[in-house]
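Report on the structure
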Amino acid sequence: MNVLYIHFHDLPDERLYGRLLALLAEYTPLVQALPPDAALADVSGSLRYFGTDATALAERIRARTGGLYGLRSTVGVAANPLLARMVAADGPPSAVRTLPDDIDTVTAFLARKPAATLQGVGPATARTLSSYGLDSAGRIAAAPLGTLQRILGATAGRRLHDAARGLDPTPVAPAAPPRSMSVEHDFAHDELDRDRQRAALLALTDRLGLRLRNESQAARALTLTVRYADRSTTTRTRRLSEPTAHTRSLTALAYELHDRLALQRARVRAVSLRAENLIAADLASRQLLFDPADEKARRIEAATDRARDRFGPEAVHPAAAVAPSAPDQDTPQPVRTAAA
């Protein structure tokens with residue numbers, strides 16, 4: 001019961017995230033960054049030094065992040081990373097929640113959890129499991145391993161069988177956050193409409209591409225995270241065919257990741273995108289396509305970047321993107337470009 005999962009709420013920028021990781025390192029060297037706003041910490045070797053238990057240490061960390069930076073945080077305390085994540089999400093934000101390392105307590109905690117709350121179970125997998133009557137962690141744990149492997153495959157079936165019983169051998173691996181940039185959109189209400197979700201993704205890739213180009217960076221990979229109404233999340237990452245800051249390429253991959261999740265009936269609370277493994281733009285090679293449409297899109301992109309540099313980042317938006325908040329009457333309306 002010595003693993004902490006810390007989720008920092010409403011982080012204003014990535015620089016503060018780095019300072020929060022440094023704060024955690026004051027308590028244990030075993031800190032694993034989980035960008036953009038979370039971390040794991042193994043405090044097993046720190047409890048004797050600080051003369052306290054893991055829950056009290058979590059309270060101390062939460063108080064310091066609030067006092068120093070005015071941030072709310074939620075901390076889950078459990079025996080392994082899987083359970084620490086789950087207990088952190090088991091209630092309203094801004095709290096410390098502890099799951100005792102007792103087999104009966106862990107079994108009771110997991111039994112009532114929907115299958116989708118287990119790490120690695122997205123909406124499509126959850127629907128497949130539900131069609132076999134395996135709609136909760138308790139029922140999955142009671143199912144024979146062979147049954148799960150026939151449904152999901154050997155590796156995925158064994159991983160899910162272990163997760164449903166609260167087993168997670170993954171250690172907390174000390175790691176600094178990789179160089180990345182992230183953007184997020186919170187829907188005003190739980191969003192079921194696929195087109196509205198794609199419009200939000202277009203707005204995010206537009207912002208992300210602009211930030212990358214302004215900082216002369218290119219991304220090698222893109223990560224999509226979808227947060228649902230029950231606070232569970234699904235994350236998918238895929239490498240780009242070449243390092244890029246081109247909005248059109250980012251949008252195409254974001255749409256592909258979204259389509260693969262098959263979210264026809266999912267109630268989506270928020271979507272976020274993270275550009276991963278950044279490199280300097282002048283080090284990124286580009287395959288010449290001799291494609292008039294691609295060249296035209298890049299010329300339009302360069303023109304809109306100049307307009308934003310002169311009139312501000314809100315001066316131009318893709319026409320199909322989620323509409324920004326209604327401006328004041330005296331505020332000029334932004335120009336909208338064709339959809340990427």
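On a predicted model such as this, the values are computed, not experimentally measured, just so you know. (Residues numbered from 1 in each chain as written. Predicted model: local features only at pLDDT ≥ 70, side-chain atom pairs only at ≥ 80, totals over all residues. Heavy atoms only, no water.)

A look at the nonpolar core
If you look at the biggest cluster of nonpolar residues, it comprises 31 residues, and the most contacted ones within it are Y5, L99, L110, L118, L129, L134 and I140. When residues of this core are traced back to their parent elements, those giving at least two are strand 1 (3-8), strand 3 (38-42), helix 4 (81-88), helix 5 (103-111), helix 6 (123-131), helix 7 (137-142), helix 8 (145-152) and helix 9 (154-164). Of the residues forming this core, the biggest block, six residues, is contributed by helix 4. In contact with L118, not counting residues within four places along its chain, are M86, A137, I140, L160, A163 and A164. Counting residues in each nonpolar core, the second largest holds 29 residues, with L202, L253, L257 and L273 among its members. (Core = buried A, V, L, I, M, F, W, Y, C linked by side-chain atoms within 4.5 Å. Buried < 20%, exposed > 50% of the residue type's maximum accessible area, 1.4 Å probe, protein only. Helix = DSSP H or I, 4+ residues; strand = E, 2+ residues; numbered from the N terminus. Contact = heavy atoms within 4.5 Å.)

As for the pattern of salt bridges
Across all of its chains, the model carries 17 salt bridges by this definition. Residues R194 and D195 are paired through a salt bridge, measuring 3.9 Å at the closest nitrogen-oxygen approach. The partly exposed category is assigned to R194, whose relative accessible area is 43%. Residue D195 is classed as exposed on the basis of its relative accessible area of 52%. Here the residues in one salt-bridge network are R194, D195, R198 and D259, joined through shared partners. (Salt bridge = Lys/Arg side-chain N within 4 Å of Asp/Glu carboxyl O.)

Some words on the environment of A221
Among the secondary structure elements, A221 is positioned in strand 7 (residues 217-228). For the pair A221 and T237, spaced 16 residues apart in sequence, the C-alpha separation works out to 7.0 Å. Aside from chain neighbours lying at most four places away, what touches A221 is T237, R238, R239, L240, R274, A275, E276 and N277.

Observations regarding the sheet that holds strand 5 (residues 96-98)
Across the sheet, five strands lie side by side as 2-3-1-4-5; this open sheet has mixed pairing. The outermost strands of the open sheet, each flanked by one partner alone, are strand 2 (31-34) and strand 5. Strand-to-strand twist in this sheet, taken as the mean axis angle between neighbours without regard to direction, amounts to 15 degrees. Sheet analysis places strand 1 next to strand 3, joined by five bridges and oriented antiparallel. In the strand pairing of strand 3, V3 is matched with D42. Helix-sheet contacts for helix 4 involve strand 1, strand 2, strand 3, strand 4 (73-78) and strand 5, and the interaxial angle to strand 4 is about 135 degrees. (Pairing = 2+ DSSP bridges. Axes fitted to C-alpha atoms, helices over the stretch in contact; angles between N-to-C directions.)

Some thoughts on the packing of helix 10 (residues 194-214) against helix 11 (residues 247-261)
Two quantities define a packed helix pair, namely the angle between the axes and the distance from one axis to the other. The contact between helix 10 and helix 11 brings their axes to 9 Å, and the two run at 145 degrees. Considering how the two elements wind past one another, helix 10 and helix 11 form a crossing that is right-handed. Contact with helix 10, carried on its side by R194, Q197, R198, L201, L202, T205, D206, G209, L212 and R213, involves T247, L250, T251, A254, Y255, H258 and D259 of helix 11 and no other residues of that element. Residues of the contact of helix 10 with helix 11, tallied by class, amount to six nonpolar, six polar and five charged. (Left-handed = near helix turned anticlockwise from the far one by under 90°. Nonpolar A, V, L, I, M, F, W, Y, C, P; charged D, E, K, R; others polar.)

Focus: the packing of helix 4 against helix 5
At a minimum axis distance of 12 Å, the contact between helix 4 and helix 5 shows a crossing angle of 55 degrees. Compared by their axis directions, helix 4 and helix 5 come out oblique. Regarding helix 4 and helix 5, the two cross each other, and that crossing is left-handed. Here helix 4 contributes L83, M86 and V87 to the contact with helix 5, which in turn contributes V106, F109 and L110. When grouped by side-chain class, the residues that make up the contact of helix 4 with helix 5 number six nonpolar, no polar and no charged. (Parallel < 35°, antiparallel > 145°, perpendicular 65-115°, else oblique.)

A short note on helix 6
When we look at burial in helix 6, the residues that qualify are P123, A126 and L129. The arc enclosing the buried residues of helix 6, seen along the axis, measures out at 125 degrees, which places them on a common side. Looking at the buried positions of helix 6, the neighbouring elements they touch are helix 7, helix 8, helix 9, strand 7, strand 8 (233-244) and helix 11. G133, located one to two residues past helix 6, shows a positive phi value of around 80 degrees. (Arc of directions from axis to C-beta.)

Details of the side chain of R198
Relative to the elements of secondary structure, R198 occurs in helix 10. By relative accessible area, R198 is classed as buried at 18%. Setting aside anything within four residues of it in sequence, one finds R198 in contact with Y255, H258 and D259.

Digging into the confidence of the model for the chain
Model confidence for the chain is summarised by a mean pLDDT of 86, while 89% of its residues fall at 70 or above. When the criterion is pLDDT under 50, residues 323-340 qualifies, and its contacts beyond four places in sequence or with other chains add up to 25 contacts. (pLDDT = per-residue confidence, 0-100.)

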